Amino acid sequence: YSLIKNQKFEKIEKLFCEFILIIEDENYIFILTDNFGLIKKFYTNHNKHFHFGSFWEVLKSYQKDNDIEIDYTAIYQQFNYGRTFGNKTIVKNIFTSNANQLISYNKQNKEINLKHYYHYSHSFKNSDLDKQEVIDAFEESLENQRKYIINNSESTDLIVSLSGGLDSRLIIPYLKNTERKINCF
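What you see is a predicted model; the values in this text were computed from it and never measured.

Asks: Would you mind showing me how to read a negative patch on the surface here?
Replies: On the surface, a cluster of negative charge is contributed by Asp-130, Glu-133, Asp-136, Glu-139 and Glu-140. Note that Glu-140 resides in helix H5 (residues 131–151).

Here's what the structure looks like:
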């Protein structure tokens, strides 16, 4: 609790798991999400009444029918990109949590503050590295991730979820050079 209240995220940044943490005290409600953002929470502060939950449809019930506004930009994003950007949902006054986000609700002034607590420490500026250096750094990063997965796996078998996306297609060739059996689904 004190880490979140004082916004000291060094220990939280190191958690490598899925979680959502909800803490309430006399002045605040804190909602903290993991670095992956896989567990979604929805929230609204409609008419200065804060509600949150696992399903946006439930939050919609707190609004009068004539107060519900459709966000057509969010609908466009959903149909064209398979997701909405930022904290948007298709209903204007209902928002969603994102990865590594602290949502703070101040009970006195009834305001929401959003903050990302984790910032990736690695970045490349195009002018700093040539093409081969970027490729080398990328391959080193993949190799480090492979070593991490193997060294931190308690099982002799590795299980990989294949979505068909770039990440899963890229990591399999790096994992196949191990002595472990790889199960894909």
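Asks: Looking at this structure, how should I read H5?
Replies: Every α-helix carries 3.6 residues per turn, so stepping three or four residues along brings you back to the same face. Taking 1.5 Å of rise per residue, 21 residues should cover 30 Å, and H5 covers 30 Å from first to last C-alpha, within 8% of that figure. Within H5, burial applies to Leu-142, Arg-146 and Ile-150. One side of H5 holds all its buried residues, which, seen down the axis, span an arc of 70°. Exposed and facing more than 90 degrees away from the buried side of H5 are Glu-140 and Asn-151.

Asks: Explain the pattern of salt bridges here, please?
Replies: When their charged atoms lie close together, side chains carrying opposite charge are able to pair. Using the criterion set out here, one finds 3 salt bridges in the structure. Lys-107 is the partner of Glu-24 in a salt bridge, and the nearest nitrogen-oxygen pair spans 2.6 Å. A residue pair is termed long-range when its members are at least 10 positions apart, and Glu-24 in strand S1 (residues 20–24) and Lys-107 in the loop between strand S6 (101–106) and strand S7 (111–116) qualify at 83 residues. By relative accessible area, Glu-24 is classed as exposed at 55%. Among the residues examined, Lys-107 registers a relative accessible area of 26% and is labelled partly exposed. One salt bridge in this structure joins Lys-92 and Glu-69, with 3.9 Å as the shortest N-O distance. Placement of Lys-92 in the loop between helix H4 (72–81) and strand S5 (94–96) and of Glu-69 in the loop between helix H3 (56–60) and H4 is noted, with a sequence separation of 23 residues between them.

How each quantity is defined
- Just so you know, the residues in each chain are numbered from 1, in the order the chain's sequence is written.
- Predicted model: local features are reported for residues with pLDDT of at least 70 only, side-chain atom pairs are reported and counted for 80 or more only, and whole-chain, interface and lining totals are derived from all residues.
- Think of the side-chain values as coming from all heavy atoms in the structure, minus any hydrogens and water.
- Each patch is assembled from residues with relative accessible area greater than 30% and no salt bridge, linking like charges that lie within 9 Å and nonpolar side chains (Val, Leu, Ile, Met, Phe, Trp, Tyr) that lie within 5 Å.
- Using the Shrake-Rupley algorithm and a 1.4 Å probe, accessible areas are obtained, with residue cover drawn only from the displayed protein chains.
- Any carboxyl oxygen of Asp or Glu that lies within 4 Å of a side-chain nitrogen of Lys or Arg is treated as forming a salt bridge with it.
- Counting rule applied: Lys, Arg positive; Asp, Glu negative; His and chain ends not counted.
- Every charge is mapped to an atom, namely NZ of Lys, CZ of Arg, CG of Asp or CD of Glu.
- What counts as a helix is a DSSP run of H or I of at least four residues, what counts as a strand is a run of E of at least two, and both are numbered from the N terminus.
- One fewer than the residue count of a helix, multiplied by 1.5 Å, yields its expected span.
- Note on classification: 1.4 Å probe, protein chains only; a residue is buried when its accessible area is under 20% of the maximum for its type, exposed when over 50%, partly exposed between these limits.
- Relevant arc is that of directions from the helix axis to the C-beta atoms, nothing else.

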